[in-house]
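Chain residues, written in single-letter form:
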Amino acid sequence: MTDPVLIAMPGDEQRAERLAAELGVERIALEHRRFPDGECYLRIDAELDDLDVVLVASLDRPDPKLVPLLFAADLARDLGAGRVGLVAPYLAYMRQDRRFLPGEALTSVSFARRLSDAFDWLVTVDPHLHRYPTLDAVYSIPSEVVAAAPALADWIAGAIDRPLVIGPDEESEQWVRAVAEARGLAWRIMTKQRFGDHDVRITAPDLDGLVGHRPVLVDDILSSGATLADAARVLVAAGLPTPACAIVHGLFGDRARRTLAEAGIETLVCTDTVDAPESRIQLAAHIAPAVRRLLSSRP
Ligand code: R5P
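Here's a quick rundown of the structure. Given the structure is predicted, the values throughout are model-derived calculations rather than measurements. (Residues numbered from 1 in each chain as written. Predicted model: local features only at pLDDT ≥ 70, side-chain atom pairs only at ≥ 80, totals over all residues. Heavy atoms only, no water.)

1. A word on the overall build of the protein
Each helix and strand counted, the protein has eight helices and 16 strands in total. For 299 residues, the compact-globule estimate of 2.2 N^0.38 gives 19 Å, and the C-alpha radius of gyration of the protein, at 20 Å, lies within 12% of that figure. Dimensions of the protein along its principal axes, counting C-alpha atoms only, are 65 × 45 × 35 Å. A burial count over the protein gives 52% of its 299 residues as buried. Counting only contacts in the protein whose residues sit at least 6 apart along the sequence, the fraction spanning at least 24 positions is 65%. About 13,800 Å² of surface is accessible on the protein, with carbon and sulfur atoms providing 48% of the total. Charge-centre separation for the protein: the mean point of 32 positive side chains lies 4 Å from the mean point of 45 negative side chains. (Helix = DSSP H or I, 4+ residues; strand = E, 2+ residues; numbered from the N terminus. Rg over C-alpha atoms; globule rule 2.2 N^0.38 Å. Buried < 20%, exposed > 50% of the residue type's maximum accessible area, 1.4 Å probe, protein only. Contact = heavy atoms within 4.5 Å. Areas by Shrake-Rupley, 256 points an atom, 1.4 Å probe, with all protein chains shown as cover. Lys, Arg positive; Asp, Glu negative; His and termini not counted. Charge placed at Lys NZ, Arg CZ, Asp CG, Glu CD.)

2. A word on the site of the ligand
Near the ligand, the surroundings consist of 15 residues, among which Glu171, Asp219, Asp220, Ser224 and Thr227 are the closest. Between Lys192 and the ligand, the recorded distance is 3.2 Å, taken from a side-chain N or O atom to an oxygen atom. Asp219 has a polar side-chain atom sitting 2.6 Å from an oxygen atom of the ligand. Notes on the ligand: free accessible area 370 Å², of which the protein chains cover 93%. Looking at the shell around the ligand, the elements that each hand over two or more residues are strand S11 (191–196), strand S13 (214–222) and helix H6 (226–237). By residue number, the principal contributor to the shell around the ligand is S13, which donates four residues. (Near = heavy atom within 4 Å. Polar contact = N/O pair within 3.5 Å; in protein donor to acceptor, adjacent residues only side chain to side chain.)

3. Thoughts on the sheet that holds strand S1 (residues 5–8)
The six strands are arranged S2-S1-S5-S6-S7-S8 in an open sheet whose pairing can be described as parallel. Sheet topology places strand S2 (26–27) and strand S8 (143–146) at the edges, where each strand pairs with a single neighbour. Where S1 lies against S2, two bridges are found, and the strand directions are parallel. Its bridge partner being in S2, Leu6 is matched across the sheet by Arg27. (Pairing = 2+ DSSP bridges.)

4. Re the side chain of Asp12
Within the secondary structure layout, Asp12 lies in the loop between S1 and helix H1 (13–23). Note on Asp12: relative accessible area 1%, which makes it buried. A polar contact is formed between the side chain of Asp12 and the backbone nitrogen of Ser58, at a distance of 2.9 Å. The residues contacting Asp12, other than those within four sequence positions of it, are Val56, Ala57 and Ser58.

5. Some points on empty space enclosed by the protein
Under the defined criterion, the tally for this structure stands at one cavity of 30 Å³ or more. Counted as a void, the largest cavity has a volume near 90 Å³. Taken together, Arg15, Arg18, Leu19, Val56, Val87, Pro89, Asp272, Thr273, Leu283, Ala284 and Ile287 form the lining of the largest cavity. For the lining of the largest cavity, the elements supplying multiple residues, two or more each, are H1 and helix H8 (284–296). By residue number, the principal contributor to the lining of the largest cavity is H1, which donates three residues. For the lining of the largest cavity, the residue count by class is seven nonpolar, one polar and three charged. (1 Å grid on protein atoms, 1.4 Å probe; cavity = no way out; pocket = protein on both sides within 12 Å on 5 of 7 lines; lining within 4 Å. Points joined across faces, edges and corners; volume = space filled by probe spheres on them. Nonpolar A, V, L, I, M, F, W, Y, C, P; charged D, E, K, R; others polar.)

Shown next, in the form of structure tokens:
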């Protein structure tokens, strides 16, 4: 089998560089620019005959990224690529997984359909699987889900004394349990009610016997920051120190940092699935084995 090549979509160059180094494969350049009217221009100045091509594109703030990504996949095939895979460390549009009101777009399904049509396989990190049991429930192509829990657990073990891992809502239990079990740590789950994009109400867990521990909030997504901020306030009111936070995908909406600061949160790290100053936990070594498995599996 010929060696695969990696192509970074704009903004994903560093992530792709780290992944290429882990995989020991070559990166080839994608020329990308916008015409004055906003349409995109793409060029790959390389022979792709029968090569496995891996596009790297983290899909936070996905709308402006989607068209160039679909065109790039098409271009790779046009230039003779064999299979075209996608490494999307953050996979967008997973949260609208049902119609909460009649007539709402089921964007998780629409997005999955577009990507499944364009790519032969997909690797992502901890997609927000809530009401979907697995990625296969929405994606029709082979996929691998990389767990960030071991990397988050390593960070917590190295940085926090006597950690108590806490999930701010029921959905976070899957990540919290995996992080805590990786290091044999105590863990608790809070309950959350959401009243709006920036308005949540969180209830404290049973903290009996846990005084003296440093709480660490673990969640898959940080968006408005409201969940972490309210959870931090509740924990402090219950007598614990201000929590540290270890998050998989740091999306940081416009007011998120202010919201977190107002709640007194100072120690917060995310993985590097999304670019942010806080995204200090690198996942290339965790993603590479999943990519290798998909590259070596033939349909
Ligand atoms: C909820 O389903 C997720 O796991 C996160 O708790 C949520 O997306 C965080 O959002 P925000 O930062 O806007 O509260």
